[in-house]
Amino acid sequence: MSTKSTWVIDPSHSEILFRVKHLMITNVKGEFRKFDGKIISTGDNFHNAHVELQIDAASIFTNNSDRDAHLSSADFFDVANHPQITFRGTALTQLDEDNYQLKGTLGMKGVEKEVVLDVEFGGLMKDPYGNEKAGFSVSGKFNRKDWGLNWNAALETGGVMVSEEVRVNGEVQFVKQVAEMAMA
């Protein structure tokens, strides 16, 4: 028998951010403010863990309401028809003591594709209330057009208004739930 542990995201101590080039000279940053996820691991060992994440696509925030409305439209996330962005981990490979590579399926706008993310394990700690926490920093990049987020505008001087490459970063803290015994 082995002990299976379920860890759930602590949203008050987590963030999911992204950035894209605008006019090919600066980065515009944004975030998703509503998300949920879990890790199912064997004890406190994460190298064979199952990872799931759901993001409320309508919770996008870029500090500009017109841009947020455009990103929510059919030109980008089409939140009316595709309210969730999902991630389902398929393989977590430990590279060294604190670094992992996480492969998984990212689902946006009705399209699912594999992505590879870099994960840094921040460690385990008990908070002042006795809750066990695990911290991770996650980063990666992908081409938004692979998911049908195709809108763009050509610039008179050459180039495009919005880059195809999206960089994602997450700082996520998980809270351990009651462990369950599982048959090996």
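Scroll up for the structure.
So, a few notes on the structure that sits alongside this text.

What counts, and at which threshold
- Residues numbered from 1 in each chain as written.
- Predicted model: local features only at pLDDT ≥ 70, side-chain atom pairs only at ≥ 80, totals over all residues.
- Heavy atoms only, no water.
- Helix = DSSP H or I, 4+ residues; strand = E, 2+ residues; numbered from the N terminus.
- Buried < 20%, exposed > 50% of the residue type's maximum accessible area, 1.4 Å probe, protein only.
- Contact = heavy atoms within 4.5 Å.
- Phe/Tyr/Trp six-rings, centres within 6.5 Å; stacked < 30°, edge-to-face > 60°.
- Lys NZ or Arg CZ within 6 Å of the ring centre and 35° of its normal.

Some points on the overall build of the protein
Thinking step 1. When helices and strands are tallied, the protein shows one helix and 12 strands.
Thinking step 2. Listed N to C, the secondary structure of the protein is β-β-β-β-β-β-α-β-β-β-β-β-β in terms of helices and strands.
Thinking step 3. Split into buried and exposed, the 184 residues of the protein put 38% on the buried side.
Thinking step 4. For the protein, restricting intrachain contacts to residue pairs at least 6 apart in sequence, the fraction spanning at least 24 positions comes to 58%.

What about the packing of aromatic side chains?
Thinking step 1. As enumerated under the stated definition, the model contains eight aromatic pairs in all.
Thinking step 2. Ring geometry for F46 and F121: centres 5.5 Å apart, planes at 50 degrees, overall tilted. Of the two residues, F46 is situated in strand β5 (residues 45-56) and F121 in strand β9 (residues 111-126); the sequence distance between them amounts to 75 residues.
Thinking step 3. Taking the relative accessible area as the measure of exposure, F121 reaches 14% and is therefore buried.
Thinking step 4. Here the aromatic rings of F46 and F136 are separated by 5.2 Å at their centres, their planes lie at 90 degrees, and the arrangement is edge-to-face. With F46 in strand β5 and F136 in strand β10 (residues 132-143), the pair connects residues that are 90 residues apart, well separated along the chain.
Thinking step 5. For F136, a relative accessible area of 9% puts it in the buried group.
Thinking step 6. Taking the ring centre of F61 as reference, the NZ or CZ of R33 above it sits at 3.7 Å.

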